[in-house]
Amino acid sequence: MCLAVPGRIEEFASDSGASPLEREGVIDFGGVRRRVSLAFVPEAVPGDYVLVHAGVAIQRLSPDSAAQTWQLLEAEVEGDSAPHEDSTKSGTVDDA
Amino acid sequence: MADAGRVAAAVALGECPIPAASDCVQLVHGAGGEASRRLIDSLFARELGDPLLVTDRDAATFEMPSGPGQIALTTDSFVVHPLEFPGGDIGCLAVYGTVNDLAVSGARPLYLSIGFILEEGLSLATLARVVGSVGWAARACGVHVVTGDTKVVERGKGDGVYINTAGVGWLEPGRACGPSQVQPGDVLLVSGDVGRHGLAILALREGLGFETRIESDCGSVVRAVEALWERGIRPRCMRDPTRGGVVTAVVEIARSAGVEIELESLGVPVRADVRAACDVLGLDPLEMACEGRVVLWVAEAHADAALACLRELDPSAARVGRVRARAEGRGRATLRTEIGTTRWLDLPSGIATPRIC
Amino acid sequence: MRDRFHDPERVRQLAARIGRRMTRGWRIMEVCGGQTHAIVRYGIDELIPAELELIHGPGCPVCVTPIELIDRACELACTPGVRVCSFGDMLRVPGSSGDLHSARARGGRVQIVYSPLDALAVARAQPDTQIVFFAVGFETTAPATALSVARARAEGLRNFSLLVAHVRVPPALEALLDAPEAQVDGFLAAGHVCSVMGLDEYAPLCERYHVPIVATGFTPVDLLEGLLACVDQLEVGRAEVVNQYARAVASSGNRSALELIRQVFQVEDRCWRGLGSIRSSGLALRAEFAEFDAEHRFALGVPQPLPASRCWSARVLRGEVKPTACPEFGRACQPLHPLGAPMVSDEGACAAYYRYRAPGAVEASAVDG
Ligand code: SF4
C-alpha cells in the first residue's frame, strides 16, 4: 500500500500561505519536480530529504539513520553476530 | 480576447465587424467552400510544402519502384492530449508512428495520406504548428504526403485535433521479417533508451502537477533500420514498442513466434529521470510507450555488428535479452530482475494510471 | 546494480543467512500490499527456504474498501453538480454494479488526482461544482486527507467534502490474530504506515499474542532484512517490535501528522471488504467536521443487497489460502474482469500473483485442482 517516495526539498514555495498547514515546497525526485505540502515536516529545510505520499511529506528522512541501518546489517552478516538492535517502545497512541 | 479586440478595432475604423480571417478554426472551414479552400491553400499546402501533395484533385497518383516487391500499407489514428508536448506534437507523432510501422515490417516508407479532424475553436496558430511539424517530420523520414483531408466538428465534440493516416511502403523480396522467423538463440536489441514518450505525456496530464524535463522519444526508426539493411544485417523480426512498451512488444512476439524470450531487466536502457518518475507514479518503465524506438530480433552471429551500427545513431542502444528456446505450449516471456531472480512477463492490464496505493 | 537496496549479492547473502538461521518452518505475514507486490515482482519468495511461508495480508486499502462505499461514490459521481475525485487505482474497483470508470462512461464526473490537495484545488477552481474526495487509504494517507479538510475549513470552502474510507492497520492485525484459522508466527509491518504512526501501537500486540513485528521497507534488501529480523526473533523465542526501516520510521511516528489526524478523525468500527466488520478499525470525520462529510451533505441511497459471490477474497485476505487456490483465479477472474477486489489493484494479492506468475500459476492451480 501507500506508495511513498523520497525526494529532496529544492525550495520553499514562495506563495505558500502563512499558516503551518499551508507550508509547501518544491521537491525534486531525481529529475521530476512537484509541489508538495511540508505541513508535517516543520523542521525540514531545502536540501533535506523527505518521504512523500499523495502530495504530502510524511516524514523527514535522516541520512544518518539510513547509513546506520546499513552498517549495522553489514556488520551482522559478516560477523554473524547478535540479532538486530531493537527500537522497541511500549505505550500506545491514545486515539486515532 | 483577441477577437473582441479586433472587432472593436474594426468597428472603430467603420469596417464590417464580421471577422474576415479568424484566428481559430470554425465550422465553415470544413464545409468545403471558400473558407476550406483558403485553409487548404494557405495553411496546409504551405506548411506541408510537399511537391507531390494533391490539393485540386480527388485522388493522388504516384509511382512505385520497379522490380519485384510488394506494396505495404498501414493505417493509424492519433489522439493525444496535450497536442503539444516536450519533444514533439501530434503532427510529427502521426508521421513517425505510421512510418515506423512500415519500417518495422521491413518495408521502405514512401507515401502518406493524412486526415485531420479539427475541433471548432482550435487556434489556427496551433494548427499551423502541428501541420508544419507533419511536413518537417515527413521530410526527415524521406516520405511524401500525397493527399489529405480536413473535417471540422463542433466545439466539445473533439479534442483539438485528431489525425488519421495511411502509409504506403515498398517491401523488397528478402526484406520481409516477422515473428515466424524468430529462432532460439536470437538476440534482442533495442535502438535507444525506453519509456520517455509515455512518461512525458503522463507527467503533463492535467491534475498531476508534475514538472519534468523528460522529452518524448518520438522520432523515426527508418534511419536505424535502413542502416542495418545497408550493412547486410537482416533483422529476423522488429517491433516498435508503443502502447504497453517493451514488455508488450516482447510478450506479443513470444506468443506469436511460439518461443521463450528472456528480457534482462538491467540491460534495458532507462534514463535515471525516467526511472525516478516511474517510481513516484508507481509505474514500470518497461511498460511505458516509446514512439521512436525499435526492438529487434537478430541472429546471434549478427548481434555485435547490429548493436555497433545502432549505437552510431544512438549510443544508448543496447542488447536486452535473447530467445531461449522454442516453447512447449504457448510462447512466453520472462524477465530477469535486478536482483537476479526470474519472473513471468504478462501484458500490462489496463491503462497506465498513477498508482497511489 | 541499481542501488544498494537491489544489490543481487546482498540479496543472496541475506537469503542464505535466513536459511542458516532456520531450524523449523515459520509463517510470516507481510501486511502491506506494496510489499506483496515487491515480493512477487522480484521473486523474493523463491529465494528464501520453502519452509518460510509468506502469507499475504489484507494490506491493499483499495481492495478492502467496502462495496457499499464504492456504490456511494458511483452514485455521487452521477449526481448532477457533483464531481468525485480519487486515486487512480480506486477507479477500477468494482462495486455492486460497476466501478467508477463505468460510472464515468455513463456520464458521471470522475477525476483522478495524485493528492487530496489536488481535489481541493479543483474545488477552488470550480466553485459551482460540489467536489467529493473519495478518501481511501491506511494511516499513511490519513494525514493528507486530514490536511485537505482542515485547509478547506480554514478557507471556508463550501463545495468540498469527503467520502471517508480510511482504515487502520493494527486493529486488522489484531482481528487476524484472534481468528482461529490464523496461524501467523510473525509480521512485517508496513513501513510507510509506521512513518506516520510510529511503532507504539505494535508493542502491546507483540506482548499479547507473542508475535514479533518488524517495521519493514519495500525494496528487496529491506524485505529480506525484515524477514531475517523476524526469523531471528522466532528462533530464540522473542516477540518484539523491531525497526528495519529506520531511515524512514521514527518510533514515535510523525507527531504533527498524528496531531492533525486526531483533530480531524475519530476511531470507529469499520467493515473491510472480504473480512467483515473490525472493531475500531476505521477513521471517520469528527462531529466538528460533519459539514465536510459527503454522507451528511448528500442524501445517499440505501446500498443494494449483493449477489452471492464465488470470490474467495475473504480467505485470501486472511492469509488462509494463496490466490492460486481460488477456483476462479485466472479463469473467470482476471485483472481485466475481476470478480473480487484483490484482483483489481496491482497491489491486491490476486493481481500480483496473476501479473507476475500468470502462466505457471494457472497451470499449477489447474493441477492442484
Ligand atoms: S482470484 Fe478473484 S475470485 Fe479468487 S479470491 Fe482473488 S479476487 Fe476473488
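Residues numbered from 1 in each chain as written. Chains lettered and ligands numbered in written order. Predicted model: local features only at pLDDT ≥ 70, side-chain atom pairs only at ≥ 80, totals over all residues. Heavy atoms only, no water.

With that out of the way, let us pick up the domain arrangement of chain B. Often, the extent of an interface is quoted as the loss of accessible area upon association of its parts. Residue and element names in this part refer to chain B. Entries for chain B in the domain assignment read domain 1 (2–56 + 67–171) and domain 2 (179–345). Each of domain 1 and domain 2 has a C-alpha centre, and the two are 31 Å apart. Around 1600 Å² of area is buried between domain 1 and domain 2 when both sides are counted, 68% of it from carbon and sulfur atoms. Its largest share of buried area at the contact with domain 2, domain 1 owes to P86, N100 and V104, together 33% of the area lost on that side. At the boundary of domain 1 with domain 2, the tally comes to zero salt bridges. Put simply, domain 1 and domain 2 have four residue pairs in polar contact (both at pLDDT 80 or more) between them. Contributing elements (two or more residues each) for the side of domain 1 that touches domain 2: α3 (90–104) and β4 (108–119). (Domains from an automatic or database assignment. Buried area = accessible area lost by both parts, 1.4 Å probe. Salt bridge = Lys/Arg side-chain N within 4 Å of Asp/Glu carboxyl O. Polar contact = N/O pair within 3.5 Å; in protein donor to acceptor, adjacent residues only side chain to side chain. Helix = DSSP H or I, 4+ residues; strand = E, 2+ residues; numbered from the N terminus.)

This part takes up the pattern of salt bridges. Counted under the stated rule, the structure contains 42 salt bridges over all chains. The shortest N-O distance in the salt bridge between B:R231 and B:E312 comes to 2.7 Å. Pair noted here: B:R231 is in the loop between α6 (222–230) and β9 (237–239) and B:E312 is in helix α9 (residues 300–313), with a separation of 81 residues, a long-range link. Since its relative accessible area comes to 56%, B:E312 is described here as exposed. A salt bridge links C:R158 to C:E291; the nearest nitrogen and oxygen atoms lie 3.4 Å apart. In this pair, C:R158 sits in the loop between α8 (142–155) and β6 (160–166) while C:E291 sits in the loop between β11 (276–285) and α14 (294–297), placing the two residues 133 residues apart along the sequence. For C:E291, a relative accessible area of 39% gives the class partly exposed. Overlapping salt bridges, with partners in common, bring together B:D193, B:R196, B:R293 and B:D314 in one network. (Buried < 20%, exposed > 50% of the residue type's maximum accessible area, 1.4 Å probe, protein only.)

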